[in-house]
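Secondary and tertiary structure notes
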Amino acid sequence: MDYFRVLVVDDEEDFLETLVNRLNKRSIDTTGVQSGEDALALMEEKLFDVVILDIKMPGGMDGIETLREIKKMRPLTEVILLTGHGSMETSIEGMKLGAFDYLLKPVKLEDLLVKLAEAFEKKDSQDQKIRSAKIKELLRFPGRVFDQEKEED
Amino acid sequence: MKSSLYTSLQRKIITITLVVSFAPLLALGGTIYYQFARMYREKIEEQIQYRARAQADAVEVFLKERTAILAAMADTHSFREITDEKQLARVFSVMNTRAGAFVDLGVIDQAGQHLSYVGPYDLKNLNYYQQPWFGEVMSKGLYISDVYMGFRQIPHFIIAVRRQEGNQSWILRATIDSDVFQHLVRSAQLGRSGDAFIVNSKGVYQTRARFNGKALSESGINPNLFGRGTTMITREDESGDRALYAGSWLNGKNWLLVISQNASEEMSGLLATRNAEIGIIIAGILAIVLATVFTARMTVSRLREADERMNQLNAQLIQSDKLAALGKMAAGVAHEINNPLAVILEKTGWMEDLLSDEDFQESESLKEYRASLKKIEEHVERARKVVHGMLGYARKMEPRMEDVDVNYTILQTVAMLDNYSRINNIDISTKLSDEIPIIAGDQSQLQQVFLNLITNAIDAVGRDGRIDVTSRVEDAMIHVDVKDDGPGIPEDRQRKVFDPFYTTKETGRGTGLGLWVSYDIIQKMGGTIRLESKPGEGSTFTVYIPVLLPEKK
């Protein structure tokens, strides 16, 4: 599992810290940030497979805006939305913008792990597809060389 | 609107319509009838008077002819000739042939002695010297008498002329046939009740009246009531019927020819017209009443239906508004509660994770810890279910209707916030009008509004300042100002202050619902809240509450 990296974005520090600890304790490489801006800044530097994103974050960018930016920057990164109030409209909007799924707070860790596993599976299969597509392309255009670093995106 | 309002509206519509339609109808009917009656009466009077005049003329002509022929006979015969009875009979025959209507003819000498006579009565050799007419004819030369009995004891009248021959004079006298004269006069009578007769200047019948009197009896008519020429009077007879009398004085004889007519008979045409008109008006009134009542009822019932439909729509609109508002509020509350619940759940999970570490495996209380953490998780789950349930369920919150003393509510609210304001060294002063009436409303909701506004004011001032709460009545609305000397609100934020979840307070301190809820409460009471603020000069929130008086119990 250490192959995967997870980013948690939530303005509630107590929640963020504890969730990050618990995921790390389960050998999932997890980082936490407290705002959408921080998340985007960090994603410029590091690659994450799944982002767990709180929708309601007063003060700065809210979850939906952050989601839009993430999808622009890294279309293949899966995003799981967390929401404190069950506003279906916001959640559905999130799904339309390409979120993998959404969960209602408070969420049991077991449920979150199930969702994570599903997201990883999707991400993995997509990665595999991309790899095979690239190999097929290699066969069509022999002599073309790919940059290994970019392949992981 | 209550049903009594509909009833009174209906009554008003009916009354106004009826008054407006009856007034001209009755005025028109009355005027037309009055004019028609006047014209009709004038025409009838004119007719009777005309008949009286015409008949008087006929009688005059009759008498003139008789007088003329009598005078001619006297002038063309000498005393010797005329006293010869054979000759007299010839003259009598000529007179009756040329003019007619003579009953007898006689010659009387200047001593009153009846010398010769032709006629049915035995009057020869009677002396007329004592008779009133004898003196008249001797002095005037020509005389038409009133009707009198005379020697023959039958009502009659005579025409007499005097002839002067040398130093002696004699009189030729003729009696007029009463039947012919009567017939002549009567020919003017008309209808079932009409009459025509002649009275002398004393009101004595000179001809027999059709209904009430023989010749020479008192007619009861005062001839002095009739003016010169032809005039008209109305009189009530014994049976109470009104009768019209047209009288025309004869020229050359102080006789009055009278034509009478029963007014009610003459007016029967007018009565029929009047009855027809009254019938038409009554029918018209009935039709108008029916149509008005029907139209008014229909109009009011349509109005009522429309109002009911509108009320239903309004109720639906209010309900959906309320549900939307509650939905928003529930979402906000859910967020506020779910976030701490999420933290609690994570912390509990983290503690469970830590308990799995080897250090704790030996602890005797390990089982207890695990059980307690499980319980916490269970209760978090319970709370979560409640909150999620609330999201899908908007509870009905109808405002109550009770007597509310606005001033008392303000004072109570200020007292509640006394500690809070004193800690921050903020002085809350109240200036409340005595004229504020007791209104119908929900006191706890109103208190919520004042609580929100004053708390906001305290938070806006922060420390060291003052808040003025004033109440007054203006334009049938209660105005309550909550004025602070805080920093004020910038113009671009003023429009947002009543939006739900809009807050400038730090996270966890304000939900952004206070002003929104307050606005909602006041709006439901039929009022509104307005904000006046300038940065640096503080803010004033004014609550406008309509004066809705409690129902009398």
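In this report, the structure presented in the accompanying data block is examined. (Residues numbered from 1 in each chain as written. Chains lettered and ligands numbered in written order. Predicted model: local features only at pLDDT ≥ 70, side-chain atom pairs only at ≥ 80, totals over all residues. Heavy atoms only, no water.)

If you tally the helices and strands in chain A, you get 6 helices and 5 strands. A buried classification covers 44% of the 153 residues belonging to chain A. Within chain A, contacts between residues separated by at least 24 positions form 60% of all contacts whose residues are at least 6 apart in sequence. Put simply, chain A shows about 8100 Å² of open surface, and 50% of that area lies on carbon and sulfur atoms. (Helix = DSSP H or I, 4+ residues; strand = E, 2+ residues; numbered from the N terminus. Buried < 20%, exposed > 50% of the residue type's maximum accessible area, 1.4 Å probe, protein only. Contact = heavy atoms within 4.5 Å. Areas by Shrake-Rupley, 256 points an atom, 1.4 Å probe, with all protein chains shown as cover.)

Residue and element names in this part refer to chain B. Counting 47 residues, the largest nonpolar core has Leu 63, Met 95, Leu 105, Leu 172 and Phe 181 as the members making the most contacts within it. Here this core takes 12 residues from helix α1 (residues 3–76), the largest share from any one element. Not counting residues within four places of it along the chain, the set of residues in contact with Met 95 comprises Ile 69, Leu 70, Met 73, Gly 100, Phe 102, Leu 105 and Ala 174. Ile 410, Val 461, Val 469 and Val 482 belong to the second largest nonpolar core, which has 34 residues in total. (Core = buried A, V, L, I, M, F, W, Y, C linked by side-chain atoms within 4.5 Å.)

A cis geometry characterises the amide bond from A:Lys105 onward to A:Pro106, with omega recorded as -10°. With respect to the helices, strands and loops of the structure, A:Pro106 is situated in the loop between β5 (101–104) and α5 (109–140). A positive phi angle is found at B:Asn125, which is not glycine, with a value near 70°. Secondary-structure assignment places B:Asn125 in the loop between β2 (114–118) and α4 (132–140). Residue B:Ala476 is not a glycine yet carries a positive backbone phi of 60°.

A separate point is the packing of aromatic side chains. Counted by the stated rule, this structure contains 12 aromatic pairs over all chains. Relative to B:Phe181, the ring of B:Phe157 has its centre 5.0 Å away and its plane inclined at 65°; by these criteria the two rings are edge-to-face. Linking B:Phe157 in the loop between β3 (142–144) and β4 (158–165) with B:Phe181 in helix α5 (residues 178–186), this pair joins segments that are 24 residues apart in sequence. Like B:Phe157, the residue B:Phe181 is buried in the burial classification. Note on B:Phe157 and B:Trp255: the rings are 5.1 Å apart at their centroids and 85° apart in plane angle, and the pair reads as edge-to-face. Here the residue B:Phe157 occupies a position in the loop between β3 and β4, and B:Trp255 occupies one in the loop between β8 (242–249) and β9 (256–262), the gap between them amounting to 98 residues. As far as burial versus exposure is concerned, B:Phe157 and B:Trp255 are alike and both buried. Chaining the aromatic ring pairs together yields one cluster made of B:Tyr128, B:Tyr129, B:Trp133, B:Phe134 and B:Phe151. Lying over the aromatic face of A:Phe15, A:Lys105 brings its terminal NZ or CZ to 4.7 Å of the ring centre. When the ring centre of B:Tyr544 is taken as reference, the NZ or CZ atom of B:Arg530 above it lies at 4.8 Å. (Phe/Tyr/Trp six-rings, centres within 6.5 Å; stacked < 30°, edge-to-face > 60°. Lys NZ or Arg CZ within 6 Å of the ring centre and 35° of its normal.)

A word on the pattern of salt bridges. This model, assessed by the stated rule, comprises 27 salt bridges over all chains. Linking A:Arg26 and B:Asp353 is a salt bridge whose minimum nitrogen-to-oxygen distance equals 2.7 Å. Residue A:Arg26 is located in the loop between α1 (13–25) and β2 (29–33), and its partner B:Asp353 is located in helix α7 (residues 268–355); the two belong to separate chains. Looking at A:Arg26, the relative accessible area reads 33%, which means it is partly exposed. Classification of B:Asp353 by relative accessible area gives buried; the value is 6%. Between B:Lys253 and B:Asp146 there is a salt bridge, with its nearest N and O atoms 2.9 Å apart. With a gap of 107 residues between them, B:Lys253 in the loop between β8 and β9 and B:Asp146 in the loop between β3 and β4 connect regions that are remote in the sequence. (Salt bridge = Lys/Arg side-chain N within 4 Å of Asp/Glu carboxyl O.)

All names here are of chain B. Among the secondary structure elements, Val 258 is positioned in strand β9. Given the relative accessible area of 0%, Val 258 is considered buried. Sequence-distant contacts of Val 258, defined by excluding residues within four places in its chain, comprise Asp 195, Ala 196, Phe 197, Val 199, Ile 221, Tyr 245, Ala 246 and Gly 247.

With that settled, the discussion passes to the side chain of B:Arg152. All names here are of chain B. Structurally, Arg 152 is set in the loop between β3 and β4. Taking the relative accessible area as the measure of exposure, Arg 152 reaches 12% and is therefore buried. Only 3.0 Å separates the side chain of Arg 152 from the side chain of Thr 175, close enough to count as a polar contact. (Polar contact = N/O pair within 3.5 Å; in protein donor to acceptor, adjacent residues only side chain to side chain.)

With that out of the way, let us pick up the sheet that holds strand β3 (residues 50–54) of chain A. Residues and elements named next belong to chain A. A sheet is described by the order of its strands in space; here 5 strands give the open sequence β2-β1-β3-β4-β5, paired in parallel fashion. The strands lining the two open edges of the sheet, one partner per strand, are β2 and β5. Across the sheet, the axes of successive neighbouring strands diverge by a mean angle of 20°, strand direction being ignored. Pairing of strand β4 (residues 78–83) with β5, which is carried by 4 bridges, proceeds in the parallel orientation. Considered in β5, the bridge of Thr 83 is made with Leu 104. Sheet strands touched by α1: β1 (5–9), β2, β3 and β4. Its angle to β2, the strand with the most contacts, is close to 170°. Those strands touched by α5 are β1, β3, β4 and β5, and its axis lies near 160° from that of β4. (Pairing = 2+ DSSP bridges. Axes fitted to C-alpha atoms, helices over the stretch in contact; angles between N-to-C directions.)

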